[in-house]
Amino acid sequence: MGELLTDACDGHRKVGRKRERDNVSGRILKRRRRRFVDRSVRMKVRKLRQLVPGGQGLQPDRLFVQIADYILHLRLQVNALQALSDLYNP
C-alpha cells in the first residue's frame, strides 16, 4: 500500500513540475512578445517622427499632439484646394 501512495505522489510531483515548466515557458513567451511589441511600437514612433515636420526630438505624448495638429493642417489645405478648384472649374 505504501508503494501506491508513493506512486501517486510521484505522479502528482511530475504534473506539478510540468505545470511549473509550462508556467515558466509561458512567462518567457509573454516577455518575448512584450519585447517584440515594444520594439515594434518604437519603430513606428521613429517613422512618425520622420514624417511629421518638427517631430524629431519630441516625446511620444507631444509627438501625437503634433501629429493631430499636422493632420488637421493637411485637412484644411485639402479643403482650401478643393474650394479653389470648385471656384475655378465650375
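Residues numbered from 1 in each chain as written. Predicted model: local features only at pLDDT ≥ 70, side-chain atom pairs only at ≥ 80, totals over all residues. Heavy atoms only, no water.

### Description of the overall build of the protein
When helices and strands are counted, the protein shows 2 helices and 0 strands. The burial tally for the protein puts 6% of its 90 residues in the buried class. Roughly 8300 Å² of accessible area belongs to the protein as shown, and the carbon and sulfur atoms make up 59% of that amount. (Helix = DSSP H or I, 4+ residues; strand = E, 2+ residues; numbered from the N terminus. Buried < 20%, exposed > 50% of the residue type's maximum accessible area, 1.4 Å probe, protein only. Areas by Shrake-Rupley, 256 points an atom, 1.4 Å probe, with all protein chains shown as cover.)

### A word on a positive patch on the surface
A cluster of basic side chains, namely Arg27, Lys30, Arg31, Arg32, Arg33, Arg34, Arg35, Arg39, Arg42, Lys44, Arg46 and Lys47, defines a positive patch on the protein surface. Arg35 gets classed as partly exposed once you look at its relative accessible area, which sits at 47%. (Patch = residues over 30% accessible without salt bridge, like charges linked within 9 Å, V, L, I, M, F, W, Y side chains within 5 Å. Salt bridge = Lys/Arg side-chain N within 4 Å of Asp/Glu carboxyl O. Lys, Arg positive; Asp, Glu negative; His and termini not counted. Charge placed at Lys NZ, Arg CZ, Asp CG, Glu CD.)

### Describing the environment of Phe64
Residue position: Phe64 is located in helix α2 (residues 60-88). For the pair Phe64 and Leu48, spaced 16 residues apart in the sequence, the C-alpha separation amounts to 9.0 Å. Residues in contact with Phe64, not counting those within four places in the same chain, are Val45 and Leu48. (Contact = heavy atoms within 4.5 Å.)

Such coordinate-based values are descriptive only and should not be taken to indicate function.
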